[in-house]
Structure formats: structure tokens, C-alpha cells
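# Structural characterization, general
Residue-level listing of the chains:
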Amino acid sequence: MKKVTEIVAELAAPVVSEYGCELWDVEYVREAGQWYLRLYLDKEGGVDILDCENVSRKVSDLLDEADPIEGSYMFEVSSAGAERQLKRPSDFERFLGSPVLVKTYQNRDGRKEFAGTLAGYEDGAVVLDMGTAQPLRFEKTEIALVRLRVVF
């Protein structure tokens, strides 16, 4: 059986493409007792409020028709953001050489956050160049999240 996020991604992808955007991620989470279904969009040149509004209206209608989620939920559509989380192998490949922040589950060298340049990705392991002699390698099981980092 498919997950809610997979079903919603299949429904939303054609609509998102129709408006010149890319479906970056679908999230279905419970926060403060309420379920949230979120679509994150990306587009060359940036996603604007009209992109979000157009996709939201059309996908909302499709969700009402298909009714893939039991119970009530809040539906939100937004930009993936400049500091988006990297999840899929294709995300890591696309942003090789970009500044990222790696957060770990456990302390490593007395901390849980590491900022540097994404230098490699292999089978879930992330290699981070922090400007030191040796890049750091983080195994998939160590990583809580990896997100892009904006450097000013």
C-alpha cells in the first residue's frame, strides 16, 4: 500500500508541472494535535505566491475528488526555501559543491551541527568539506538532517 505522501505526489506532480514548477517534497505530519499536508515547490528564478495559490487551488480540488486521506488536515503549499532540506540522492547530486549544514543525532567532537561544503554523497553517507585538511564523513545513521545553507 502506498504512503499518503506518495499518493499526493502522484496527484500533484502534473499540476505542479503545469505551472512551471517542480515538486520538491510532500510532507504529511502531525503537529500540536493537527495533521498537516504540505507541498514544497521549486522553480528556476524562485516560487512566488501566485504559483503557490494556483497549485493549491487545483491540487485541493484533486484531493477532494480522490480523498486519499481519512480525517481532517490542513493543506499548505509553499516554496522549498533557500535553506531547504536535502533528502533524496538526486538532491545531494544537484547541490554538490553547495554550502550545507549537517545536523547529527549524537554529539561528535562536542557538537551536533557542522557547516561546510557538500563534497560528496554515497549510499546515504555525506562528505563535508569544512576547510580543514581532512573532510568529515557522516554515515546515514548519524545524520538527523542535511539542509542547504545561505552564506552572506
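For clarity, every value in this text was computed on a predicted model and none was experimentally measured.

## What to know about the overall build of the chain
In terms of regular secondary structure, the chain is built from three helices and eight strands. Starting at the N terminus and walking to the C terminus, you meet the elements of the chain as α-β-β-α-β-α-β-β-β-β-β. With the principal axes as the frame, the chain shows a C-alpha extent of 55 × 35 × 25 Å. Evaluated residue by residue, the chain yields a buried proportion of 31% over its 152 residues. When contacts within the chain are restricted to residue pairs at least 6 apart in sequence, those whose partners lie at least 24 apart make up 51%. Carbon and sulfur atoms form 49% of the exposed surface of the chain, whose accessible area is close to 9,200 Å².

## Points about helix H1 (residues 4–18)
In an α-helix there are 3.6 residues to a turn, and that puts residues three or four apart on one side. When the terminal C-alpha atoms of H1 are compared, their 22 Å separation across 15 residues agrees well with the 21 Å that a helix rising 1.5 Å per residue should span. Along H1, the sharpest change in direction is near 35° and occurs at Ala12; proline Pro14 comes one to four residues later. When H1 is considered as a whole, its buried residues turn out to be Val8, Ala12, Val15 and Val16. Where H1 is buried, its residues meet strand E1 (22–31), strand E2 (34–42) and helix H2 (49–66). Taken from the residues just after H1, Gly20 is the one with a positive phi, measuring 75°.

## Brief notes about the sheet that holds E1
The sheet built from three strands is open, its strands ordered E1-E2-E3 with mixed pairing. With one partner strand each, in any of the chains shown, E1 and strand E3 (74–79) form the two edges of the open sheet. Ignoring which end each strand starts from, the neighbouring axes of this sheet average 20° apart. With six bridges joining them, E2 and E3 adopt parallel strand pairing. Directly across from Arg38, in E3, lies its bridge partner Glu76. Running over the sheet, H2 touches E2 and E3 and is turned about 145° from E3.

## Overview of the layout of surface pockets
As a volume, the largest pocket reaches approximately 240 Å³. Lining of the largest pocket is provided by 13 residues; of these, Leu86, Lys87, Phe92, Tyr121 and Lys140 occupy positions nearest its centre. Put simply, the parts of the chain that give the lining of the largest pocket at least two residues each are helix H3 (89–94) and strand E8 (143–148). Broken down by element, the lining of the largest pocket gets its largest block of residues, four residues, from E8. Along the lines of polarity and charge, the residues of the lining of the largest pocket split into nine nonpolar, two polar and two charged. Here the second largest pocket defines a volume of roughly 170 Å³. Around the second largest pocket, the lining residues are Lys3, Thr5, Glu6, Ala9, Leu23, Trp24, Asp25, Val26, Lys87 and Arg88. Taken together, the elements giving at least two residues each to the lining of the second largest pocket come down to H1 and E1. Residue contributions to the lining of the second largest pocket peak at four residues, all from E1. Tallied by class, the residues present in the lining of the second largest pocket amount to four nonpolar, one polar and five charged.

## A word on a negative patch on the surface
Taken together, the side chains of Asp61, Asp64, Glu65, Asp67 and Glu70 make up a negatively charged region of the molecular surface. Along the chain, Asp61 falls in helix H2.

Analysis parameters
Residues numbered from 1 in each chain as written. Predicted model: local features only at pLDDT ≥ 70, side-chain atom pairs only at ≥ 80, totals over all residues. Heavy atoms only, no water. Helix = DSSP H or I, 4+ residues; strand = E, 2+ residues; numbered from the N terminus. Buried < 20%, exposed > 50% of the residue type's maximum accessible area, 1.4 Å probe, protein only. Contact = heavy atoms within 4.5 Å. Areas by Shrake-Rupley, 256 points an atom, 1.4 Å probe, with all protein chains shown as cover. Expected span 1.5 Å × (residues − 1). Bend = angle between axes of the 7 residues up to and from the residue. Pairing = 2+ DSSP bridges. Axes fitted to C-alpha atoms, helices over the stretch in contact; angles between N-to-C directions. 1 Å grid on protein atoms, 1.4 Å probe; cavity = no way out; pocket = protein on both sides within 12 Å on 5 of 7 lines; lining within 4 Å. Points joined across faces, edges and corners; volume = space filled by probe spheres on them. Nonpolar A, V, L, I, M, F, W, Y, C, P; charged D, E, K, R; others polar. Patch = residues over 30% accessible without salt bridge, like charges linked within 9 Å, V, L, I, M, F, W, Y side chains within 5 Å. Salt bridge = Lys/Arg side-chain N within 4 Å of Asp/Glu carboxyl O. Lys, Arg positive; Asp, Glu negative; His and termini not counted. Charge placed at Lys NZ, Arg CZ, Asp CG, Glu CD.

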